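Below are the chains, spelled out letter by letter.
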Amino acid sequence: MKKKLIFEKNVAGRRGFSFSKDDVPRYLWEDFLPAELKRKEKLYFPQLSELDVVRHYSRLAEMNFSVDKNFYPLGSCTMKYNPKMNELAAEERGFSQLHPYQEEEDVQGMLELLYLLEKVLVEITGMEHFSFQPAAGAAGELSGMLMIKKFFLQRKDFLRQEVIVPDSSHGTNPASATLAGFKVVTIKSSQEGLVDIDALSRICGSRTAALMLTNPNTLGLFEEKIWDMAEIVHKQGGLLYYDGANLNPLLGKVRISDMGFDIMHINLHKTFATPHGGGGPGGGPVGARGKLKEFLPLPLIGKSEDRFYLEYKLPNSIGRVRSFYGNIPVMVKAFAYLLRLGKEGLLRVAEHAVLNANYLKEKLKNYYEPATDKPCWHEVVFAGLKNKTTNVRTFDIAKRLIDYGVHPPTVYFPLIVKEALMIEPTETESKQILDEFAGVMEAIAKEAVDNPQLVKEAPHTTPVGRLDEAKAARQPQLRWVPPSA
Amino acid sequence: MPYIPHTPKERQEMLETIGKKSLCQLFETLPVDLRLRKELNLDRGLSEKEALDFIKQLAAKNKNLDAYNSFLGGGVYPHFVPAALKAILQQGGFYTSYTPYQAEASQGTLQAIYEYQSYICLLTGMDVTSASLYDGASAVAESILMARRINKRKKVLLGRSLHPEYRQVVKTYTAGIEIDIEELKWDKEGKILLPELEMNLNDDVSAVVVALPNFFGLVEDIKTITTLAHKHNALVIVVANPLFLSLVQPLSYYEVDIVCGEGQILGQRAYWGGETFGFIATRQEFLRKIPGRIVGRTTDKKGEEGFVLTLQAREQHIRREKATSNICSNQSLNALACSVYLSLLGEQGIKALAERIFSRAHYLYEQLVSKKLVQEVFGSHFWGEFVVKIPHLEQVGKEMKKHRILAGVKLGKLYPQLENCLLVFVDGDKSKKDLDSFVQTLEKLI
Amino acid sequence: MAKLYSKSHEWVEVQEGSRARVGVSDYAQKELGDIVFLELPDVGKEFHKAEQFGTIESTKSVSELFLPLAGKIVAVNQAVIDNPALVNQDPEGEGWLVEIEIEDKTQLEELLSPQDYRSFIAQEH
């Protein structure tokens, strides 16, 4: 059957929805609202049966690669298995049917869950408090940057306008810092892929508000001199922000506070296994310690005796970063996951995430060029094929992987590695899967020599071939337009 | 260990392949003095049943809306969500995938976003939109930042009748940059005080923000506001309730520049205000200023039609500090829920639903006013939500709750001048009995 | 007259008198990839030497365009705005971007000859 947009499946007169009995008198728009505002145009929404709708979307779902179906080693995104129990937990009507304007006495269980979740996050990271408001990692970063901004403003330290980010950082770091009104200073990575300490000493000074860092970094390397870096920044009066995107391999191994960080966010959808939802929702709780915690977004969760409450008495808070209290189902799922793991489970997560990445590094290094020689942590980055004589690029390898049923790794990131292939297997993948993947990668490396055209034209097995991105951007078609319009 | 498939034998083989003796050796680049030397002070892991039981017990401590005849609204509008929608969202192909960076392996998500973009454009009457933002509040903040990118002006006027939490979020988002937010009073009908707007408008004003309906449920005079703002080339940002828009002429007819808002009312469960989505739509000319991911339609070499993420050069992963926004993860699954919901409702369904809300709200309002159970505050230029004044509201509210009625949002805490005022939302599935019981209960109490 | 180049990869070609065409180099076009959008200034706007006068967007990036010489915009190439692919197809001919009225011709001396530009990009690589 030809693929169609949902709008093209319209059959006038069909319906997929039922209303309860209509026994309330009808009121007329014109009696209360301006007649000229009343819609005269059709909306052009399709009319469909329930089965039409279910089939349309089920077919779309089938066209996606997903963790449930495919190995999905998308670096920096921690695409681990999303336990089904978590979905069940979040379905509880005691959570889904709560209104944000209900009184505190009616939402004690909700508050207790967040209170307990905060305690766990505090224990894992060494921060003192978390705010659950930020809806995603980038929102957590923005909150953190705004906190830092306000912190210095309050000390009348107006000079501190700069945030230092490594050139290997996630794009959200400089974007968030800019949004908060900072000037971004990029620091080059050293030859071995780490922050250049000498360069940091030179750049860091009385204008430095913060250093924003993820550790292990996006090359999958641990910044071993993190303590020296913290000292340099702190000595100059600056602060350290931890981008929690790569928290997974640190669980139970090292605390964020022990590395000298003052403030951080956690990506619940990465480290704590909540599903990525085709691009969201995420959860980006922001945490802080020391003086900084007074600046966290409102509200926090408090407890007195055995009653839980929303804490608004934080005069230094930056305020709200979204309406109400955050992406609640994400919090429930993350909490369910943490209950299952417990202290020993968390440690095993970190260990096996690192084991899997190093195993892949070892299995792939004969065919792909490791970006560095150092032992990696949760992810491994290759600078494309080892054999540089073929014209097959990382882009082609990614596309060819799709034919083998594997979701491609992150490609061309970090920006500092040419032809980067960034592979994060996560701990939930078995040795068999990794071996199969290594076999596929080896096969593609061979194809790149024996039959490069096959790789360059991949994928061959998908509903569509390589799509013309230039055309999409030159003549943007961004929506369906009704035929008559 | 939960969710870790390695057998001891496999673990050993893998370690041997790497050339390590133990898992601990994998962490040799972790400086010794940073290592955590003790176990985390957490409980042992639970079985699936234990964990679920624990969570169920927490959920049971909440008094959820099932127990009440609820009239709570104020930005979050609980409503029935069809079973088919839930079933679709629970498909692994949707919820366990990520951002469709690899188009050929993500045509499902891409087409779904394209259809979502189409729905938002049809509802708002605007030309272009993006793949979703976090929520209504951040969508307003992003709209203000977008307006500033377009005209480089530094003053924003917004009604105090905009959702209080949205105004707080706008303040937070703009704290670090040079931008002045000025709040406008409301008139006796609860709408933006037009003479004040006119007085404050000048060539420094980047944008005027107006909610439709506003926080009090009242329908603002979009036409006049747009005319006034455009005289000074200020942009107009309408913060719209998308369900209400199904009854309203396309906003492009009023030359509105940006339409944004909260999508909760379109198929999202209440979740304590928790998991919704925000949207932002604008005219073609501002396409490259819009925040968030955008999906476009194109072709492959064989001419087969397909979908890709496009105009990515605006985004943080490419443009870093010069991006139009820092947003990366958005609320994709919630945007999907919106599309499914609208597909189930269809052309007739959505209008019928919006009209049912309108009739029910006006019926209840009329009953309350004609029986003199409440005092009128702003009048009746509302769609689905209205404000009334009830002496001793605190006490009355408590009594109503004892009768299993959540009468509405008390406005006194949000606006001190609206002490004893109640914001009442009436869902489209309410029966006459539900509404009459509100009236009769109040009658007994007063 | 031959083209002269800037280190930010724009070229200048003096037409007649003090009128000159400006575009991006073939090397820049290749590095940027498929050009999809151009943001160019209105006629009449004046710029300093090395000031940003527009942006050039490809599927992979947005880059700034810098005017190699101080001057006033006297013409904008509508053909590249309508069809940005022209910059890929003929960057140093039909794919020109703007024409300017040069403010100070001595600034031409500070630009690179085709030969110097070639060795500059060889070095950069």
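Residues numbered from 1 in each chain as written. Chains lettered and ligands numbered in written order. Predicted model: local features only at pLDDT ≥ 70, side-chain atom pairs only at ≥ 80, totals over all residues. Heavy atoms only, no water.

1. Some details on the overall build of chain C
Thought 1: The number of helices and strands found in chain C is 4 helices and 9 strands.
Thought 2: Computed over the C-alpha atoms, the radius of gyration of chain C is 13 Å, within 12% of the 14 Å expected from 2.2 N^0.38 for a compact globule of 125 residues.
Thought 3: Principal axes of the C-alpha set define a box for chain C whose edges measure 35 × 35 × 20 Å.
Thought 4: Within the span of chain C, comprising 125 residues, buried residues form 50% of the whole.
Thought 5: Within chain C, counting contacts between residues at least 6 apart in sequence, those at least 24 apart form 60% of the total.
Thought 6: Total accessible area on chain C is roughly 6100 Å²; 46% of this is exposed by carbon and sulfur atoms.
Thought 7: Both charge centroids of chain C, one from 11 positive and one from 24 negative side chains, sit 3 Å from each other. (Helix = DSSP H or I, 4+ residues; strand = E, 2+ residues; numbered from the N terminus. Rg over C-alpha atoms; globule rule 2.2 N^0.38 Å. Buried < 20%, exposed > 50% of the residue type's maximum accessible area, 1.4 Å probe, protein only. Contact = heavy atoms within 4.5 Å. Areas by Shrake-Rupley, 256 points an atom, 1.4 Å probe, with all protein chains shown as cover. Lys, Arg positive; Asp, Glu negative; His and termini not counted. Charge placed at Lys NZ, Arg CZ, Asp CG, Glu CD.)

2. Things to note about the packing of aromatic side chains
Thought 1: Evaluation of the coordinates by the stated rule reveals 43 aromatic pairs over all chains.
Thought 2: A centroid spacing of 6.1 Å and a plane angle of 75° characterise the contact between F32(A) and F358(B), whose relative ring orientation is edge-to-face. Here F32(A) is found in the segment before α1 (50-62), whereas its partner F358(B) is found in helix α12 (residues 332-370) on a different chain. Note on accessibility: F32(A) and F358(B) belong to one class, buried.
Thought 3: Between the aromatic rings of F215(B) and F216(B), the centroid separation amounts to 6.2 Å while the plane-to-plane angle is 65°, which identifies the pairing as edge-to-face.
Thought 4: With a relative accessible area of 5%, F215(B) lands in the buried category. (Phe/Tyr/Trp six-rings, centres within 6.5 Å; stacked < 30°, edge-to-face > 60°.)

3. A short note on the interface of chain A and chain C
Thought 1: Every contact between the two is made by 4 residues of chain A and, on the other side, 7 residues of chain C.
Thought 2: In total, chain A and chain C occlude about 450 Å² of area from one another, counting both sides; carbon and sulfur atoms represent 57% of this.
Thought 3: Inspection of the region where chain A meets chain C yields 0 salt bridges.
Thought 4: The interface formed by chain A and chain C holds 2 residue pairs in polar contact (both at pLDDT 80 or more) in total.
Thought 5: Grouping the amino acids of the side of chain A that touches chain C by side-chain chemistry returns 2 nonpolar, no polar and 2 charged. (Buried area = accessible area lost by both parts, 1.4 Å probe. Salt bridge = Lys/Arg side-chain N within 4 Å of Asp/Glu carboxyl O. Polar contact = N/O pair within 3.5 Å; in protein donor to acceptor, adjacent residues only side chain to side chain. Nonpolar A, V, L, I, M, F, W, Y, C, P; charged D, E, K, R; others polar.)

4. Overview of the interface of chain A and chain B
Thought 1: Facing the 204 residues of chain A at the interface are 192 residues of chain B.
Thought 2: In this assembly, chain A packs against chain B so that about 17700 Å² is buried in total across both faces, 61% of it on carbon and sulfur atoms.
Thought 3: Linking chain A with chain B are 15 salt bridges, by the criterion used here.
Thought 4: Here the side of chain A that touches chain B takes 27 residues from helix α10 (residues 328-364) of chain A, the largest share from any one element.

5. A few points about the sheet that holds strand β5 (residues 46-47) of chain C
As a general point, the strands of a sheet are linked pairwise by backbone hydrogen bonds and lie either parallel or antiparallel.
All names here are of chain C.
Thought 1: The antiparallel open sheet is built from 6 strands, whose spatial order is β1-β2-β3-β9-β8-β5. What marks the edges here is a single partner per strand, and that holds for β1 (4-5) and β5.
Thought 2: With 5 bridges connecting them, strand β8 (residues 71-76) and strand β9 (residues 98-102) associate as antiparallel partners. For K72, the partnering residue across the bridge sits in β9 and is E101. (Pairing = 2+ DSSP bridges.)

6. Some thoughts on the sheet that holds strand β15 (residues 421-425) of chain B
Residue and element names in this part refer to chain B.
Thought 1: Taking strand neighbours across the sheet as the criterion, the 4 strands line up as β11-β12-β15-β14 in an open arrangement whose pairing is antiparallel. Here the strands that pair on one side only, and so sit at the sheet edges, are β11 (375-376) and β14 (409-410).
Thought 2: Note that strand β12 (residues 385-389) and β15 share 5 bridges and pair antiparallel. What sits directly across from V388, in β15, is L422.

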